[in-house]
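# Coordinates in review
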Amino acid sequence: MAAVRIREAEEGDCGDVLRLIRELAEYEKLSEQVTISEEGPRIVGYGLYCFVYSTWKGRNIYLEDIYVMPEYRGQGIGSKIIKKVAEVALDQGCSQFRLAVLEWNKRAIDLYKALGTRDLTQEEGWHAFRFEGEAMEKLAGR
Ligand code: ACO
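First, a word on scope: everything that follows refers to the structure included in this document. Worth saying up front: this structure is predicted, and the values here are computed from it rather than measured.

Where strand E1 (residues 45-54) and strand E2 (residues 58-68) come together, ten bridges link them in antiparallel fashion. Note that in E2 the partner of Gly45 across the bridge is Val68. The turn joining E1 and E2, which pair antiparallel and follow one another in sequence, is formed by three residues.

Okay, structure coming up:
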């Protein structure tokens, strides 16, 4: 006989429980009546940061990406991710928290401004540049 352990269900069992619910309904020949689905995804957004170094200010944090799934936007999740990055920045001794955004992304820009960022393009005239591909190979003499 198989060694089976009977235990209370846990949150992480949802997928398996749903599979068994479907199996039972199939056994009962009533599958079409099962309309429930698994809960929504458990990870609905992310922020990816790294540390950068300023000769003027020392260690800073750079938020490369922030994204929240469309159906979860407008509920404060993005702001919470940004606040979390600010906490990490302070805990790690950073004096600045930097990020860049495309100029057409007005909604994101408005959110960053509402949270207290300064627009360096507007205030100080900074342009963003990058070397890549052939230009980078050429520079490196390859
Ligand atoms: N859809 C809905 N609301 C948006 C959007 C969007 N695409 N972009 C910005 N917002 C604004 C809303 O106007 C809202 O302001 P309000 O509360 O005054 O109405 C505010 O964001 C909502 O704030 P939160 O709920 O805290 O933020 P949210 O969880 O919606 O996340 C985010 C904001 C990350 C910008 C999200 O909307 C998103 O993933 N957008 C698409 C991807 C994107 O633009 N990412 C940023 C690129 S720049 C970078 O990665 C550094």
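Moving on: the pattern of salt bridges. Counted according to the given criterion, the structure contains eight salt bridges. For Glu124, the salt bridge is made with Arg118, and the minimal N-O distance between the two is 3.4 Å. By relative accessible area, which is 45% here, Glu124 ends up partly exposed. One salt bridge connects Glu132 with Arg130, and the closest N-O pair in it is separated by 3.4 Å. When its relative accessible area of 69% is taken as the criterion, Arg130 is described as exposed. Several salt bridges share partner residues, and in doing so they unite Asp16, Arg19 and Glu23 into one network.

Let us now look at the environment of Phe97. Mapped onto the fold, Phe97 is located in strand E3 (residues 97-99). In this view, Phe97 contacts Ile61, Leu63, Ile82, Val85 and Ala86; residues no more than four positions away in its chain are not counted.

With respect to spatial proximity, 20 residues lie near the ligand, and among them Val68, Gly76, Gly78, Ser79 and Asn105 are the closest. One of the side-chain N or O atoms of Arg73 is found 3.4 Å from a nitrogen atom in the ligand. Between the ligand and the protein, one listed contact pairs an oxygen atom with a backbone N or O atom of Gln75 at 3.1 Å. Burial of the ligand by the protein chains amounts to 71% of its free accessible area of 900 Å². Tallying contributions element by element places E2 first for the shell around the ligand, with six residues.

In spatial order, the strands read E1-E2-E3; together these three strands make up an open sheet with mixed pairing. Each edge of the sheet is formed by a strand with only one pairing partner; in this case those strands are E1 and E3. The average undirected angle you get between the axes of adjacent strands in this sheet is 35°. Across three bridges, the pairing between E2 and E3 is parallel. Directly across from Leu63, in E3, lies its bridge partner Leu99.

What counts, and where the lines are drawn
- Within every chain, residues take consecutive numbers counted from 1 along the sequence as written.
- Side-chain atom pairs in this predicted model are given and counted only at pLDDT of 80 or more, local residue features only at pLDDT of at least 70, and totals for whole chains, interfaces and linings cover all residues.
- Excluded from the side-chain calculations are hydrogens and water; all other atoms, namely the structure's heavy atoms, are used.
- Two strands pair under a simple rule: DSSP has to find at least two bridges between them.
- Put simply, DSSP H or I for four residues or longer makes a helix, DSSP E for two residues or longer makes a strand, and each gets a number counted from the N terminus.
- Throughout this description, the term salt bridge denotes a Lys or Arg side-chain nitrogen within 4 Å of a carboxyl oxygen of Asp or Glu.
- Throughout, exposure labels follow a simple rule: accessible area from a 1.4 Å probe, protein chains only, divided by the maximum for the residue type, with under 20% read as buried, over 50% as exposed, and the rest as partly exposed.
- Two residues qualify as a contact provided that any one of their heavy atoms is within 4.5 Å of a heavy atom in the partner residue.
- Here a residue counts as near a molecule or strand whenever at least one of its heavy atoms sits within 4 Å of it.
- N or O atoms closer than or at 3.5 Å make up a polar contact, with two conditions inside protein: a donor-capable atom paired with an acceptor-capable one, and, for residues adjacent in sequence, both atoms drawn from side chains.
- Exposure was quantified through the Shrake-Rupley algorithm and a 1.4 Å probe, taking into account, for residues, occlusion by the shown protein chains and nothing else.
- Every axis in this analysis is a line fitted to C-alpha atoms, fitted for helices over the stretch in contact. Angles between the N-to-C directions lie between 0 and 180 degrees.

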